[in-house]
Amino acid sequence: MAGTRGMDVSELSPDQARAEMARLAKEIFHHDILYYQHDSPLISDADYDALRARYRALETRFPDQAPTLSPEKRVGVGVDAAKGFGKVPHLVPMLSLDNAFDESDVRDFAARLRRALGLGPDASLRYMAEPKIDGLAITLRYQHGRLIQGATRGDGQEGEDVTANLRTVVDIPHNLTPPFPDILDVRGEVYIRRDDFAAFNERQMAEGKPLFANPRNAAAGSLRQLDSAVTAQRPLRFLAYALGDVSQPLAARQSDLRLRLKEMGFTLNEPSRLCEGEDDLLAYQQEMERLRPALPFDIDGVVYKLDDLAGQEKAGSVSRAPRWAIAHKFAAQKALTRLRQVTFQVGRTGVVTPVAELEPVTVGGVVVSRATLHNRDEMARLDIHEGDMLRLQRAGDVIPQILEALPDQRIPGAQPVIFAAHCPECGATLARLDGEVATRCPDRLGCPAQLLEGLRHFVSRDALDIEGLGERSLREFYDKGWLASAADIFRLESRNQNADPPLAKWDGWGEKSAANLFAAIAARLTVPLARFLFALGLPQIGEVTARLLARHFISWARLRQSIERTDDSPDSPSRLELLRIEGIGPIMAEAIIGFFRETHNRAVLDDLESVMTIEDEVPVQAPASSPLSGKRLVFTGEMTAMTRPEAKAAAEALGAKVSDSVSAKTDMLIAGESAGSKLTKAQALGVKVLNEEEWLAVLSIAQTA
């Protein structure tokens, strides 16, 4: 969208407006989260207001293109704006902590506490000192020892009901070890260990997905998943440290309370220490700062709590923080180092990530030699030049993060670092579509870094549908050197004839399974044009668009010749022909043209043509009297009586126009099981919604009309 950001709203096409609104909505929501939930805004109020004004102008002019979660329909990001979680009131408010940053702050805290307790200035106080885990605060409610509910902090008065997700966290007991009170609210922190976080981000990068900046963000995002099965796959853990509502006292001191929590089955935030006076507290903080790099979890300070629970109650709270506790924060850990070079990595979905290779430097006790630059926009923001001196920190003490380049220390004549123009794995020309942050390698079926992901799609059910070629077997053939391109799938049987041992002798294979695989591949030597187009995995091209292209061009030869003739002129006849196809806008057209323009992709297509036959599309003649003729339909969710592709084909055979997206022009949405955002948008727009049973009735009537 960089090309449309400065354009007047009146100059944008609907497709451009939709893409920019989606970008702006995501950016605004990101800043809302930082401001309302994390109290850490990254931009000024003026810059934020400018984002909102731009979005508002776009939605006013293009109301049909607005995203489902429009910023104009959302106020802040309280519990109501979360991902659909219910509200949970906190019977005992979940307060925040005041912060101390140096010795004088700690001594001032102790002096205020003595005054609140009515003690003299020299009275000695005992404190429980604990590491401050940088995670997500939650509360767990137990009834007769059984976990019945879990919630986030929210605004302190009420939080989000995330019970199902919390049940997947390994350190949270579902049933307590007796003895326990009838009602017990346990407060603590959901977090991710450092080693688990590093492994998780490595998987994200390998799969071309966004990296989390720190374990805290990853924990918060994981806990707010609507599908608890997704949360269960994330390495979340829990540490207990306090109580909320409780039917009977558990202990007289904070230190004893910790022991009771451990006996009931909870893991505690350690190492902790019972401290006598402020000098002991400061010594503990200094020791924890030394231990910080070696701890298995991320901490950003320590917490001091008055050990006497009766004293805690007497001291009470002020505003949104207790008088009897304080967080002593660590100083930020930063360092300077020089850039050696910027390299580029390609994920399995083709996303290209720039990585700064650094002169090794110690930050927080860990040697850092590499740091991600995330994407093209972040590189531009940092304005990095060759050999620059860089200021960096370990975000969350785990992920190295470059904060800024230092131009005053720049080497004379140093040139700006330019984002790669070609894929470092295959040499293909990189592409960035409007509305996307990521830059991608378009060589889906030839680039070594994304070959397996491309092949998995190529043989998937809605594409070529080759049974027996799952992700495991594709990986096996790739590792054996039998697969280097999509066309090699059709050479597997001939390779097998001269193999020693043959496929039937491999682990997990036999004569029957090998024969079945080769038969399934042979059955796809001839495929319909629409299936072939979808199997290629072109950017922006789903099943519906693949059928639109097939029906317009009829033959593969005509489609390829027409698109490859497209020049850079906006009035190119081939480009205009693409744009005349209903459902294909400028962004989609440029994605298609870019795919066929890439030399590597053309070589893959030539290879496929040498081993496959691509059938011409048979024009569909819809009955003139069909009640579905001309109707715009969208299908979503799981269907049982027929597959979605079968349902779409049946609708199109009766003259309906099937789309992948819901708009005000949609006549009907057919919603199967587990329908998601499309159903929500259809309901908001007043689009007629049919369940599968109602759809089958309409289809039956239309087929007999």
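Residues numbered from 1 in each chain as written. Predicted model: local features only at pLDDT ≥ 70, side-chain atom pairs only at ≥ 80, totals over all residues. Heavy atoms only, no water.

Another point: the overall build of the chain. The helix and strand tally for the chain stands at 24 helices and 25 strands. The principal-axis extent of the C-alpha atoms belonging to the chain is close to 95 × 70 × 65 Å. The buried share of the chain, taken over its 705 residues, is 49%. On the chain, roughly 33,000 Å² of surface is accessible, and the fraction owed to carbon and sulfur atoms is 49%. (Helix = DSSP H or I, 4+ residues; strand = E, 2+ residues; numbered from the N terminus. Buried < 20%, exposed > 50% of the residue type's maximum accessible area, 1.4 Å probe, protein only. Areas by Shrake-Rupley, 256 points an atom, 1.4 Å probe, with all protein chains shown as cover.)

Our focus in this paragraph is the sheet that holds strand 4 (residues 136-143). Judged by pairing direction, the sheet is antiparallel, and its 4 strands sit side by side in the order 5-4-7-8 without closing on themselves. The strands lining the two open edges of the sheet, one partner per strand, are strand 5 (146-152) and strand 8 (236-246). Strand-to-strand, the axes of this sheet are offset by a mean angle of 30°, without reference to chain direction. Alignment of strand 4 against strand 5, held across 6 bridges, turns out to be antiparallel. Residue pairing across strands places Thr139 opposite Ala151, the latter belonging to strand 5. (Pairing = 2+ DSSP bridges. Axes fitted to C-alpha atoms, helices over the stretch in contact; angles between N-to-C directions.)

Attention now goes to helix 6 (residues 215-223). For helix 6, a buried count of 7 out of 9 residues is recorded, marking the element as mostly surrounded by other parts of the structure. Within helix 6, burial applies to Pro215, Arg216, Ala218, Ala219, Ala220, Ser222 and Leu223. Looking at the buried side of helix 6, the elements it contacts are strand 4, helix 4 (163-166), strand 7 (183-192), helix 5 (194-206), helix 7 (228-232) and strand 8. (Contact = heavy atoms within 4.5 Å.)

A sheet is described by the order of its strands in space; here 4 strands give the open sequence 23-22-24-25, paired in parallel fashion. Of all strands in the sheet, those with a lone pairing partner are strand 23 (657-659) and strand 25 (688-691), marking the two edges. This sheet shows a mean twist of 30° between the axes of neighbouring strands, independent of strand direction. The pairing of strand 24 (residues 668-671) with strand 25 spans 4 bridges and is parallel. Looking at strand 25, one finds that Met668 is bridged to Lys688.

Further remarks concern the state of the cysteines. Following the criterion strictly, the structure yields 0 disulfides and no others. Free cysteine Cys441: the closest other cysteine sulfur is in Cys426, separated by 3.6 Å. (Disulfide = S-S within 2.5 Å.)

Core analysis: the biggest nonpolar cluster contains 59 residues, and Phe458, Phe477, Ile489, Trp556, Ile592 and Leu608 have the highest contact counts within it. Looking at this core, the elements that each hand over two or more residues are helix 12 (451-458), helix 13 (471-479), helix 15 (511-522), helix 16 (529-535), helix 17 (543-553), helix 18 (556-564), helix 20 (586-597) and helix 21 (599-611). Setting aside chain neighbours within four positions, we find Phe458 in contact with Leu445, Ala463, Leu464, Ala486, Ile489, Phe490, Ala535, Leu608 and Met612. (Core = buried A, V, L, I, M, F, W, Y, C linked by side-chain atoms within 4.5 Å.)

We now examine the packing of helix 17 against helix 18. Here helix 17 crosses helix 18 at 100°, and the two axes come no closer than 8 Å. Between helix 17 and helix 18, the crossing angle belongs to the class labelled roughly perpendicular. Contacts from Leu549, His552 and Phe553 in helix 17 reach Arg558, Leu559 and Ser562 in helix 18. Class assignment of the residues belonging to the contact of helix 17 with helix 18 gives a composition of 3 nonpolar, 2 polar and 1 charged. (Parallel < 35°, antiparallel > 145°, perpendicular 65-115°, else oblique. Nonpolar A, V, L, I, M, F, W, Y, C, P; charged D, E, K, R; others polar.)

Below, the discussion takes up the confidence of the model for the chain. For the chain, per-residue confidence averages 85 on the pLDDT scale, and 91% of positions sit at 70 or higher. Overall, residues 75-82 carries pLDDT values under 50, and its contacts beyond four positions in sequence, including any with other chains, amount to 16 contacts. (pLDDT = per-residue confidence, 0-100.)

Attention shifts here to the pattern of salt bridges. Counting across every chain of the model gives 44 salt bridges. Its salt-bridge partner being Arg18, residue Asp15 comes within 2.7 Å of it at the nearest N-O pair. Placement of the pair is Asp15 and Arg18 together in helix 1 (residues 14-37), with a separation of 3 residues, close to one helical turn. The partner of Arg547 in a salt bridge is Glu652, and the shortest N-O contact between them spans 2.7 Å. With Arg547 in helix 17 and Glu652 in helix 22 (residues 644-653), this pair connects stretches of sequence that are 105 residues apart. Considered together, Arg547 and Glu652 belong to a single accessibility category, that of buried residues. Each of the salt bridges in this network shares a partner with another, and the network as a whole consists of Glu20, Arg23, Glu27 and Arg54. (Salt bridge = Lys/Arg side-chain N within 4 Å of Asp/Glu carboxyl O.)

Following the criterion strictly, the structure yields 13 aromatic pairs and no others. Ring centres 5.8 Å apart and planes at 15° place the aromatic pair Phe477 and Trp482 in the stacked group. For Phe477, a relative accessible area of 1% translates into the label buried. When the ring of Phe477 is compared with that of Trp506, the centres are 5.7 Å apart and the planes differ by 50°; the resulting orientation is tilted. (Phe/Tyr/Trp six-rings, centres within 6.5 Å; stacked < 30°, edge-to-face > 60°.)

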